[in-house]
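A structural walkthrough
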Amino acid sequence: MSGGWPCGVRGRGWRLRRPVRPILGLSAAALLLFAAPAVGQERELSPGERERLLEKLRVSSPAGRAGADSSVVEVPAESAAVTPPRRDGPARAAAGAVSAMARPGGRGMDAERDSVMAALATLPGYIATEYWGSGAHFVSDSGRVELPGKAQIVRAGQAMSADSALVYDLEREIVCGYGKPVLSGESAPVESEQVCYDVGRDVGVALGARTRFSQGANWVVHGERVYTAGSDRIYGRHSEFTSCELDVPHYHFAARRMKLVNDNVLVARDVTLNFADVPVFWLPFMVQSLKQGRRSGLLAPRFGINDVARTSSGYRRRVSDVGFFWAINDYMGAQLALDWFSQNWTALNGNFQYRWVRQFLDGGIDFRRFWEANGRRNLTLSSHHSWQPGERTSVRVNANYTTSSEFVRRNTFDPRELNRSIDSNAGLSHRFDWGSLSLDASRRQFLTTGQVELVLPSVGLVLSPLTLFRAPGAQASWYRNATWTGSANLRMNRVDVADTISSPTVRDRSAFEAGIGSGISLGALSWNQRFDLAQDVRQAKPGVDTLGKETDRRLSWSSSVNYQQRLFGTSTLTPAIQLGGQWRESPKTAGQLLAGPTRLDVSASLKTDFFGFWPGVGPYSRIRHRLSPIITYRYSPAVAADSVRRDVFGVAEIREQNRLEIGLSQTIEAKQAVKQEEGGAAPDTTREAALDTASGPRRLPQSGRVTLLSLSTSAVVYDFVQAREEGEGLVTTTLNNTVTSDLLRGLSLSFTHDLFRTTGSAPPGQPTPREFAPHLSNMNASFSLSSDSWLFRLLGLGRRRTPAEVKDSARAAPPPGETRLDPEREEELSLIGRRGTPAPARSAFLGSGGGGWNASLNYSLVRPRRDASFAGRAESQLLSGNVSFQPTPKWSVRWSTAYSFTDSRFSDHILTLTRDLHDWQANFDFVKAQNGNFSFQFRVHLLANPDIKLDYEQRGESLRTP
């Protein structure tokens, strides 16, 4: 063939730099050189098929019209060559199966592929080699392709790109990259200074290589010389890896040899931990799993330095989590481990967890079996289960149990465990078309007294409202559309008192309650009925009292009619008439069921609101004071009854009742000023502006409403009959007030006053002499403050933080009265249940810039009145609080404590100091419980892998007798 291409001919957007005489262009040349059939292929191309394909290339290529034999060709550098697969096996990738990847210039692999390239890529039994670049230099004699500048070559899922040049030796199947080459495939991309890759053997070598993988964090691996084998293995010598992504990392692990299997494992030998260039720790080997999700394996044991080398002979070592985790399947997992506490106990811990999202089923069970040094054995159980088999049904079970509450009180290091009860509960709820059914059970075991309360079962049934005499269309009458509702309940509970309590009034008891009710509503008129049955059995207490077993049964019924009439504004008047009676069987009735008197009760209740408006102050445009009194009047005539009924049912149930009840609540609210629009004009908030049809309906600007103060006072009852007969008409003996405000987050203040002081004793059946003398008997206050509180910003003592910082600090601060422990410390200090050990997280305060703080306080006061009725009740005054602050951007402090003013001592402490070390975190923890046990721990752990840590722990126990 002869002829040539004139200078200036374009090929797919690239200009030829000089006249050449190619055979068929680079694509045809590649086909002639490497389109040999693959070994073991199912069908070879027939001579006719090959001739037709070559003819198609001649027609479509400019070289088909003129050209001569040549060994060097320069052509547009976007093309494809079809080469046979390796002779050691079948083709590894079918034509066209190469994954699309980003190329220099932002174009994809399939960009502008013409019919010729598509035909080459679809040849059966061959592997496509594709390359991109600004130009190409091809030597046909040696089969060498050079791509200068930014270029990329892709073959069988492996890709290599470079900034300076790519050289591909087709005979030896070796490609080399220069100028920050990047080798990528199934594994993470490998960046380097220079790289060569043997395509035939899937082996590569990179100098100054750098790659990444993710496992809990982004790990950066750097090596002087890194080798790749296959598509998922990397080997390295004198390698370094770190999770610090800075150009000059704060720390790194240096390994003499390293192997990385993609998505599997990283293994290193002769490992040194370095901070900057200073080696601080050496390990003979290191293994880091790269697998995602749950998997079976050995647990990481937990122990401190002083558990290996004791600082004193009296220190008691402790080693935890020596065991194995079994990933049964995608839905279940089990764990078994040993805990050892020298001279105290040895424990076997078991854990089984399951989670089936598609079935809305999850839960688990934990157990701990303790063998104490004195020979005793104890068991603790904890489980939680939740299942929603359908949209209308839900099942839940939460169970906690211990064989010895005294063992927990004596050995726990968790202050919260001593302040709570061990609770278990289970429940089933189902919603029918005609109503809903709930079935519950619960058990509560108090650690302080050993008392156990059991509720089994508790059943509730609520029927769906049923419309009677439904009115068709507009034919409604006064009796139509009446609504009927019904409900029923059943509850059985039992109280077991510890034998150590010698009081004759505190005894084992069991109770039974059942009731059924219904109601019919017709507009504002309603008629309700109720029937209840109750039984209370107090068991005998041998050796303490001689009363024996006591049984008290009650049957009561009631029927009431009420009507609600709206007067004006929000005022309503609700008159009501109720008729009721009861039967009772008790030791006073000699085991006989005695019918009580039937009483008629007439009442009327008035609810109204009074408003007062005041001008705004500061950021508030308006202040409103709302006063909401509730006044109820009740009258019930006296009933005829003999002395037996007076003694059994009480005088209050027999004589005339004429009572007035007054309750009051008031709220002071402020309306925040609406921000002005651009230009200084206030937005139009009128109703006409909202309904403006020219611009379409729009939502009016909303102004915030802040509750400055809310005060709620309990009702006061005055009995006119009691005032006439006994001289004292005030039935209410205590008054309770509750105060809340939006100005202090979580503010809740409640205080109770005893209104009367007992001045002496009275004979049976006579009122106790008393005088009006208010006395503060109980007080509870809880609130929280922070550097963002308006009060401190007003005084210039706070600072306004960004919304993200406010959110982080709010998450870090526990609610008032709640003590928060680090999850890992909570697991170690607790004895009941094992909730797993989540990875320690960076403190929410760290990185917020410093200066932020939160404080929550809870104060309780009990002051019994010391008068003639004083029964020796103890006075107590306790202050508990949580304080979190950040003195510097790298330090955060959390302190939870409780101080008893009565005993003049602290009851417990939880102090945590956290230091941010960028990729590491240091924690100083001190915990002291009410039983005298304390624990101090210093822990430094790597955030990317919390199992890489350094622990030092010191524990102390209170003196006790075994």
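Small disclaimer: the values here were computed from a predicted structure and weren't measured. (Residues numbered from 1 in each chain as written. Predicted model: local features only at pLDDT ≥ 70, side-chain atom pairs only at ≥ 80, totals over all residues. Heavy atoms only, no water.)

Looking only at helices and strands, the protein chain has twelve helices and 53 strands in total. When the accessible surface of the protein chain is totalled, it reaches about 51,900 Å², and 57% of it is carbon and sulfur. (Helix = DSSP H or I, 4+ residues; strand = E, 2+ residues; numbered from the N terminus. Areas by Shrake-Rupley, 256 points an atom, 1.4 Å probe, with all protein chains shown as cover.)

This part covers the pairing of strand 23 (residues 332–341). Note that strand 22 (residues 318–326) and strand 23 share seven bridges and pair antiparallel. For W326, the partnering residue across the bridge sits in strand 23 and is A334. If you look at the hairpin formed by strand 22 and strand 23, you'll find five residues sitting between the two strands. Count of turn residues in the strand 23/strand 24 (residues 345–356) antiparallel hairpin: three residues, of which Q343 carries a positive phi of about 60 degrees. (Pairing = 2+ DSSP bridges.)

Now for the pairing of strand 48 (residues 876–888). Here ten bridges tie strand 47 (residues 853–862) to strand 48, and the two strands are oriented antiparallel to one another. Counterpart to W853 in the pairing with strand 48 is F885. Judged from the nine bridges that link them, strand 48 and strand 49 (residues 891–900) form a sheet pairing that is antiparallel. Bridge pairing in strand 49 links L879 to Y899.

The next thing to look at is the nonpolar core. In this structure, L147, W219, F241, Y251, F253, L266 and L942 are the most contacted members of the largest nonpolar core, which totals 44 residues. A per-element tally of this core places strand 18 (residues 251–261) first, with five residues. Once residues lying within four places of it in the same chain are set aside, the contact partners of F253 are W219, S239, E240, F241, V271, T272, L273, M286, L942 and I948. Formed by seven residues, the second largest nonpolar core is a distinct cluster that contains A347, F370, F407 and L831. (Core = buried A, V, L, I, M, F, W, Y, C linked by side-chain atoms within 4.5 Å. Buried < 20%, exposed > 50% of the residue type's maximum accessible area, 1.4 Å probe, protein only. Contact = heavy atoms within 4.5 Å.)

Now for a nonpolar patch on the surface. A surface patch of nonpolar side chains, amounting to about 500 Å² of accessible area, comprises L567, F568, L573, L606, I631 and I662. In this structure, I662 sits in strand 42 (residues 657–672). I662 sits in the partly exposed class, given a relative accessible area of 41%. (Patch = residues over 30% accessible without salt bridge, like charges linked within 9 Å, V, L, I, M, F, W, Y side chains within 5 Å. Salt bridge = Lys/Arg side-chain N within 4 Å of Asp/Glu carboxyl O.)

A word on unusual backbone geometry. For the peptide bond that leads from L456 to P457, omega is -5 degrees, which places it in the cis range. A positive phi is found at Q343, a non-glycine position, where the angle reads about 60 degrees. Positionally, Q343 belongs in the loop between strand 23 and strand 24. Despite not being glycine, F360 has its phi angle at roughly 50 degrees, a positive value. Note that F360 resides in the loop between strand 24 and strand 25 (361–372).

Take the packing of aromatic side chains next. Using the criterion set out here, one finds 18 aromatic pairs in the structure. Judged by centre distance (5.0 Å) and plane angle (55 degrees), the ring pair of F370 and F407 falls under tilted. Here F370, found in strand 25, pairs with F407, found in helix 5 (residues 405–411); they are 37 residues apart in sequence, far enough to count as distant. Relative accessible area serves as the criterion here: at 0%, F407 is assigned to the buried category. Within the aromatic cluster, the residues linked to one another by ring pairs are W219, F241, Y251, F253, F275 and W920. When the ring centre of F341 is taken as reference, the NZ or CZ atom of R318 above it lies at 5.7 Å. For R369, the ring lying beneath its charged end belongs to W371, and the centroid distance is 6.0 Å. (Phe/Tyr/Trp six-rings, centres within 6.5 Å; stacked < 30°, edge-to-face > 60°. Lys NZ or Arg CZ within 6 Å of the ring centre and 35° of its normal.)

To continue, consider the pattern of salt bridges. Throughout the structure, instances matching the rule amount to 23 salt bridges. Here E725 makes a salt bridge to R655, at a shortest N to O gap of 3.5 Å. Here E725, found in helix 9 (residues 720–726), pairs with R655, found in the loop between helix 7 (643–649) and strand 42; they are 70 residues apart in sequence, far enough to count as distant. In this structure R655 comes out as buried when scored by relative accessible area, which is 17%.

A few words on the side chain of Q937. Inspection of the secondary structure assignment puts Q937 in strand 52 (residues 934–942). The exposure class assigned to Q937 is buried, which follows from its relative accessible area of 3%. Polar side-chain contacts of Q937 include one of 2.8 Å to the side chain of R939. (Polar contact = N/O pair within 3.5 Å; in protein donor to acceptor, adjacent residues only side chain to side chain.)

Moving on to the environment of P249. The residue P249 is located in the loop between strand 17 (233–242) and strand 18 in this model. C-alpha separation for the pair P249 and D919, spaced 670 residues apart in sequence, amounts to 9.6 Å. Setting aside residues no more than four positions away along its own chain, P249 makes contact with T242 and C244.

Here A595 is to be found in strand 38 (residues 594–595). For the pair A595 and R645, spaced 50 residues apart in sequence, the C-alpha to C-alpha distance is 8.4 Å.

Relative to the helices and strands, S741 is located in strand 44 (residues 734–741). Polar side-chain contacts of S741 include one of 2.6 Å to the backbone oxygen of L708. Once you skip the residues sitting within four places of it in the chain, S741 turns out to touch T707, L708, L709 and L747.

Here the protein chain averages 75 in pLDDT, and 74% of its residues register 70 or above. This stretch, residues 1–45, has a pLDDT under 50; its non-local contacts, to residues over four places away or in other chains, come to 108 contacts. Within the model, the stretch residues 689–693 combines pLDDT values under 50 with six contacts to residues more than four positions away or in other chains. (pLDDT = per-residue confidence, 0-100.)

With respect to the helices and strands, G133 occurs in strand 5 (residues 127–133). For G133, a relative accessible area of 16% gives the class buried. The spacing of G133 and L166 is 33 residues in sequence and 9.2 Å in space, taken between C-alpha atoms.

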